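Structure assessment
Letter by letter, the chains look like this.
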Amino acid sequence: MLRANRSFITYVYVNISKLRANQSFITYVNVIKLRAARSFITYVYVNISKLRANQSFITYVNVIKLRAARSFITYVNVNISKLQAAQSFRSRCTLVSEQNKSSSGGIFTYRQDSFYHPPGISWNLLHQVTILVFNMNFLLESLHVLVMSLYCFLEAFVKIFLPVGKKSIAGETVLITGAGSGIGRILAHQFATMDVTLVLWDINLDGVTETARVAKEKGARSVHHYQADCSDRAEVYRLAEKVKQEVGDVTILINNAGIVHGKKFMDTPDLLVEKTLHVNAMAHFWTYKAFLPSMVKKNHGHLVCIASSAGLIGVNGLADYCASKFAAVGFAESMALELIATGSDGIKTTIVCPYFVNTGMFDGCSTKWPRFLPILEPEYAAKRITNAILTDQTYLFMPRSINFLIFLKSFMPFKEVVILGMYFGAFNFMDAFKGRQKKAD
Ligand SMILES: NC(=O)c1ccc[n+]([C@@H]2O[C@H](COP(=O)([O-])OP(=O)(O)OC[C@H]3O[C@@H](n4cnc5c(N)ncnc54)[C@H](O)[C@@H]3O)[C@@H](O)[C@H]2O)c1
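Fair warning: this is a prediction, and the values are worked out from it, not measured in the lab.

About the criteria used
- Residues numbered from 1 in each chain as written.
- Predicted model: local features only at pLDDT ≥ 70, side-chain atom pairs only at ≥ 80, totals over all residues.
- Pairing = 2+ DSSP bridges.
- Helix = DSSP H or I, 4+ residues; strand = E, 2+ residues; numbered from the N terminus.
- Axes fitted to C-alpha atoms, helices over the stretch in contact; angles between N-to-C directions.
- Parallel < 35°, antiparallel > 145°, perpendicular 65-115°, else oblique.
- Left-handed = near helix turned anticlockwise from the far one by under 90°.
- Contact = placed C-beta atoms within 7 Å.
- Nonpolar A, V, L, I, M, F, W, Y, C, P; charged D, E, K, R; others polar.
- Expected span 1.5 Å × (residues − 1).
- Buried ≥ 20, exposed ≤ 12 C-beta atoms within 10 Å, placed from the backbone.
- Near = placed C-beta within 6 Å.

**A word on the sheet that holds strand S3 (residues 222-227)**
- With parallel pairing, seven strands are arranged side by side in an open sheet as S3-S2-S1-S4-S5-S6-S7. If you trace the sheet from one side to the other, it starts and ends with S3 and strand S7 (395-398), each paired once. Geometrically, the sheet is characterised by an average inter-axis angle of 10° between neighbouring strands, direction not taken into account.
- In the sheet, strand S6 (residues 347-354) pairs with S7 via four bridges, with the strands oriented parallel.

Right under this line is the structure:
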């Protein structure tokens, strides 16, 4: 029995071992299967990712191709438009020159021909020839720009040393706003000696009447003066119609009227802020609207914006004045480009940005370094403005150091601009401001 029992136990033991072995074998097989399944899933996943990557690469390449094709089409379209514009510009020029030939000494006596051209190849001819040769090729077009840029720089360099010819403005009709005092009055008196018809506007009737009296004495062809508030759009349009009926088309428009109150921004009443913007900037919009159409018709005229260096660089204590002058500069500059772009390149633009001028408008203001930033005399400023108009100069910054300051401002870190501003005394320009009103008291 004992033996039988033992062999039974051995039998059971052996069977349990077999069972375990079977189980571990099954587990082993299952684990392997699981691993295989997992690696299969990973394999599938990796392949899907690759597929996706491939697809997105192909999509990416296609998008790039599409963009390139689109930009090429745009490029071709732009070039076709340019060609068309150039053609229509040429035909317009022919039309205008034909009109010029047929006009027999009317009001319109000053023509393109009277403008100064530097000796040698004419800019227009060079421009047209290079456009034809280099058309529709990026590299060659870039070369074209380089050649033209070199030409412009050389021309500007030569003009520094050679006296630039002045155009004749005899017979022109010159309108000056704010002609009742200061720069406007001196400009009127200078133009009076050039055989022009003068139209003088100012809100101050006594002032403008006096300017007109002296202008007549100085030999102006005829002088017409009006009391006008340039900040009032309706009044500008009404007076403009009156001028057209009584005098004729204005061919040189000088937007000169301006005001300043010299208060810190938070101390400035809202109405005064509005007034400053209306007189110094908005008035330019209305006078352009009123007088530009007749200039465009003849492709002839000159637009002058008397702004300020405060229209190029901000000044503390002059927030609304600066804003109005920045607006005036931006407007005049944009209009100069718009006129060129629309083929009215016979209408010239001059933008004047003077530092302080000793007219009384900024009485009390001081300059820290008078050698670097001198306060200008009104006669000198007016002479340079007249000269800029007669030589078709687009920008006039006075004194020349303003050019240097704008250059610095264009790339310097703001903190450095502040340090330099303090050095040049910009933070204290307005400290002792009295202005014209206080002076009259
Ligand atoms: N004086 C300076 O230091 C200085 C510096 C930079 C720029 N400017 C600019 O030069 C221009 C002339 O200034 P100025 O020094 O001869 O000053 P100014 O005060 O002597 O002349 C300005 C004239 O504009 C007139 N005016 C004012 N408001 C008017 C309005 N609403 N409608 C019509 N006329 C109006 C005035 O009556 C005055 O006759 C201004 O635009 C001014 O901002 C002057």
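**Here we look at the packing of helix H4 (residues 182-192) against helix H9 (residues 378-390)**
- Where H4 contacts H9, the axes come no closer than 9 Å and their chain directions differ by 55°. Accordingly, the angle class assigned to the pair H4 and H9 is oblique. The handedness of the crossing between H4 and H9 is right-handed. Note on element contacts: H9 touches H4 through Pro 378, Glu 379, Ala 381, Ala 382, Ile 385 and Thr 386, opposite Gly 182, Ile 183, Ile 186, Leu 187 and Gln 190.
- Looking at the contact of H4 with H9 residue by residue, the class counts come to seven nonpolar, three polar and one charged.

**Description of helix H8 (residues 319-341)**
- Between its terminal C-alpha atoms H8 stretches 33 Å, which fits the 33 Å expected from 23 residues at 1.5 Å a residue.
- Tyr 321, Cys 322, Ser 324, Lys 325, Ala 328, Val 329, Ala 332, Ala 336 and Leu 339 are the residues of H8 that are buried.
- Where the residues of H8 are buried, they touch helix H7 (270-298), strand S5 (301-306) and S6.
- After H8 finishes, the residue Gly 343 shows a positive phi value of roughly 85°.

**Quick look at the site of the ligand**
- Taken together, 31 residues are adjacent to the ligand, and Gly 178, Gly 182, Ala 257, Gly 258 and Thr 359 come closest.
- When contributions to the shell around the ligand are tallied by element, the ones reaching two or more residues are H4 and strand S2 (197-202).
- Broken down by element, the residue count for the shell around the ligand peaks at three residues, all from H4.
- When grouped by side-chain class, the residues that make up the shell around the ligand number 14 nonpolar, 14 polar and three charged.

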